[in-house]
Amino acid sequence: MTARPEPGAPRPWTFPTFDRRLVAGGRMLTAHLPGRALAVTSLVVDAGAVLEPSAQAGVSEIVARAMSEGAAGRDSYEFGVAGERIGATWRSSTDWDSLRVGFEVPAGELAAATQLLADAARSAEFADDVLERVLDERIDEISLDRSQPAVLASEALGSALFQAESRYAKPDGGDPETLEALQHADIRRYRDARLRRDAATLVVVGDLDGVDVDALGRTVFEGWDGDGSAASTPVVQPRDAGRRVVVVDRPGSVQSVVMMGHDGPARAVDDYVAMTTLALVLGGMFSSRLNMKLREEKGYAYGAFGGFDTRKHGGVFAARAAVQSEVTVPALEDMLAEIERVHRDGVTSEELEQARSYRAGVFPVNFAGVGSVAAGLGDVIVHGFEDDHFDALRAKILDVTLDEVNATASTRLRPDDLVTVVVGDASGFAKELDALGLGPVEIITDEQ
Amino acid sequence: MLARVSTLPTYDLRTHTLDNGLKVIVSEDRLAPVVAVNIWYDVGSRHETLGRTGFAHLFEHLMFQGSANVARGEHFALVNAAGGTLNGTTWCDRTNYYETLPSHHLATGLWLEADRMGGLLEALDQDNLDNQREVVKNEKRQTRDNQPYGSALDLLHELAYPAGHPYHHSTIGSMHDLDAAELVDARSFYSTWYAPDNASLAIVGDVDTAEAIALAERFFGSIPSKGSFPEPPSTQIAPRIGKEIRKTVQDRVPVPRAFVAYRTAPFGSAEYDAMQVATVVLGGGRGSRLYKSLVLDQQLMQPSDGIVETWPFIGGATLTISDLAAREGVAIERLETAYHQEVARLLDNLDPDELVRAKALLTSHWLHHLASVDGRADTFNQYATLLGDPRLVNDALPNVLAVTAEQVREAVDQVMRPDNRVVLTFVPAVSDEQEAAA
């Protein structure tokens, strides 16, 4: 066998240069990626779920969906056909910090797709029958989602970590209770308040040779009302610190979904790079400690992961695995032990080197396509990053030191505040939970 | 309309077969400094023997446990440290392994693949097997046994293919067979199927073709060929089922859901291409027949972008499958009846505009699939392994775009008929309490 090879000289890589411009009073971010057959045209709107009143959780997702359900004289079906006839695929989503809607489309159809996008953003009708159906579909979808134990676990953790009136206590897509209560007028009011020129940015990524980029901007922004009230201040308070356990009892489950977590910092913190590098070692790569322990050493799970979800206004640290029911308690012990160990002792220089080289090295792989570059530009918009953000981030990753990483291990991980969630058959493990020192145990029965 | 999407790319590639039989495919793409390394072994769950179902997939896991010069756990660690991503998957007709790397690490990817192609047995031991057996059993629990509708896939295989056909069992296999797998089975499986002359290596991205072939020669060239392989189990099967097969499962599910599966001519056939168009006309996208009728107009089922799909199997016959999840309060019988009516209606009238829409979507889906170097490498190997020539990738879309309305009608008429379908229905189980109350 040939000897292990050395790498060649790296070809320089930088995040694609992008252009910021103001067209017809609207903001645009564009990146020219030559040679790509497909392009993306999308709107990133400051209408994330975190801005919703908690009692109207899920309204932003409903707005995102209703946008493509009839606009500018086309009904829902006709709008679908109009995009699909030019090979355009509609994508809409709402996360905590933004609403994103748009098309992936053959580059030659950018103008037509952007016109459809403008129609959806500015002229969607939000008729009663459409809203009724979209709401019902969404409620049914949640009931399907909630039949998956992993979804139940995430929801239980969110509501255990944050105060009831905090928006983070409910899922970003809302829940059936808030959606049932939602009035059509609420939905239209939210649309009018958040879907407007000064809250939106048009992102266009692809081979823009011969594309009149300003014309795309005018299509979307010209004559679009730019006035509106400022967004309300998000309510995201965590609950009081301290360990506790929430069990969602599902008799007959052959696995337990186990999670351990606590509230965490927002994206903008100074030690973001050190903290997320730490998370890679703990649970962000195949070779991470959680996966090596629970999967590769014990065989308890198909995989085990953990890390920080850093949102604009707050965040969550969580570790998770789906483990065979019989080993629920030992798996919890192992998960806790790994979190406590890295909190106490930090990571080794070998682990740091592995995490650093992976995270810095994977940028060219992660940003090779139009979709991922467009998503990156969306993050630039949401978090107000500078033009050189991704290249500067990569440089910081390569520079982060063992001391910096281990400092965040002791401050950002808080083993004493871990909330444990177990979704599984409680009869197999409930009695032993008390002895683990994970805090008071509450058992909820899954209603399905 | 379609003319506006007409600049279909042709993918340049070079093929080269090493003396030991390894097929090498290289395609340059200098847009980004990344390269995809992808290997398909011509072995999948179709090649498994009775009592050893799930073995091809379990074995795939063992391929990540180290080899002659790679310590346990080091395979993932080396690719990650290079800034690469990686995985492997197993399906009925093949097993694939792949990594996407910054292009200056190409040699590392090739070396790792060569080391486990030629030297797995030096690292394979009972501990690895026992550990990965438990991991795979948990994979099965996580993706099947502890999931609503999780048994659907396995049941469709059982119902649509007769006992004795190699697609009668699904890739994940049974817990019983996984428990029965022994180290000697793993060694024998490796010695039987894992050899350069049963594999295809694709290298796509920021590479020089001649250098890539030289690297392949350097790392793989000394691995001995095997020369011959056992005849895989026969895939002979009647082209149609010949009757309707129905099964209803009471399970812990939130809403009723029906899967309707039809036996279809295999991947690479004219009927398969026609069904690609038919599935999009019927159930692909918001402008499809089923979406308009069942989701928008009658509001009987949950929205889905892909209601119907055809699997790419080559073993005698493949399956076209419709996935119909009922809306809350809708009886599954009503949804199923409306569905069959829509399928029948397709035979009455097919508007040329519907073909335009379907072909435009199929074009952009294909471009999306092949946009990344890893997607392209995998597709080259798919055509090389299943159809014998990676260049057929360049014919795939033109073939689909040439399908006529009459061919769509003919394929639907032949495939989507009552005596050629399996209807598998899930309904929420009635609990003991509800039964007592009733």
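It should be noted that the structure appears before, not after, this text.
This is a predicted model, so every value here is computed, not measured.

### What about unusual backbone geometry?
Within the chain, Phe 126 of chain A stands out as a residue other than glycine whose phi angle is a positive 55 degrees. Notably, Tyr 149 of chain B is not glycine yet its phi reads approximately 60 degrees, a positive angle. Relative to the helices and strands, Tyr 149 of chain B resides in the loop between α4 (126-145) and α5 (152-160). According to the C-beta neighbour criterion, Tyr 149 of chain B is buried, with 22 such atoms within 10 Å.

### Section: the interface of chain B and chain A
Accessible area lost when the parts come together is the quantity often used to give the size of an interface. At the junction of the two partners, chain B supplies 69 residues and chain A supplies 63 residues. Elements with a minimum of two residues in the side of chain B that touches chain A: α2 (74-81), β5 (95-102), α3 (106-119), α4, α8 (209-220), α10 (289-297) and α12 (352-371) of chain B. A total of nine residues in the side of chain B that touches chain A trace back to one element, the largest contributor, which is α12 of chain B. Of the residues in the side of chain B that touches chain A, the class split is 29 nonpolar, 26 polar and 14 charged.

### Quick word on the packing of helix α3 (residues 110-123) of chain A against helix α8 (residues 213-221) of chain A
Residues and elements named next belong to chain A. One way to put it is that α3 packs onto α8 with a least axis distance of 8 Å and a crossing angle of 20 degrees. With respect to α8, the element α3 is oriented roughly parallel. Handedness of the α3/α8 crossing: right-handed. On the side of α3, the interface is formed by Leu 110, Ala 111, Thr 114, Gln 115, Leu 117, Ala 118 and Ala 121, while α8 contributes Ala 215, Leu 216, Thr 219 and Val 220.

### Section: the environment of Thr 171 of chain B
All names here are of chain B. Positionally, Thr 171 belongs in the loop between α5 and α6 (175-180). A tally of 24 C-beta atoms within 10 Å means that Thr 171 is categorised as buried. Along the chain, Thr 171 and Ile 25 lie 146 residues apart, while their C-alpha atoms are 27 Å from each other. Excluding residues that lie within four positions of it along the chain, Thr 171 makes contacts with Ser 45, His 57, Thr 90, Trp 91 and Cys 92.

### Remarks on the sheet that holds strand β2 (residues 23-28) of chain B
Residues and elements named next belong to chain B. What the six strands build is an open sheet, ordered β1-β2-β6-β3-β5-β4; its pairing is mixed. Each end of this open sheet is capped by a strand with a single partner; those strands are β1 (14-17) and β4 (85-90). Strand-to-strand twist of the sheet, defined as the mean angle between neighbouring strand axes without regard to direction, takes the value 15 degrees. This element, helix α1 (residues 55-62), spans β4 and β5 of the sheet and lies at about 160 degrees to β4.

Here is what the cut-offs are and how they apply
Residues numbered from 1 in each chain as written. Chains lettered and ligands numbered in written order. Predicted model: local features only at pLDDT ≥ 70, side-chain atom pairs only at ≥ 80, totals over all residues. Helix = DSSP H or I, 4+ residues; strand = E, 2+ residues; numbered from the N terminus. Buried ≥ 20, exposed ≤ 12 C-beta atoms within 10 Å, placed from the backbone. Contact = placed C-beta atoms within 7 Å. Nonpolar A, V, L, I, M, F, W, Y, C, P; charged D, E, K, R; others polar. Axes fitted to C-alpha atoms, helices over the stretch in contact; angles between N-to-C directions. Parallel < 35°, antiparallel > 145°, perpendicular 65-115°, else oblique. Left-handed = near helix turned anticlockwise from the far one by under 90°. Pairing = 2+ DSSP bridges.

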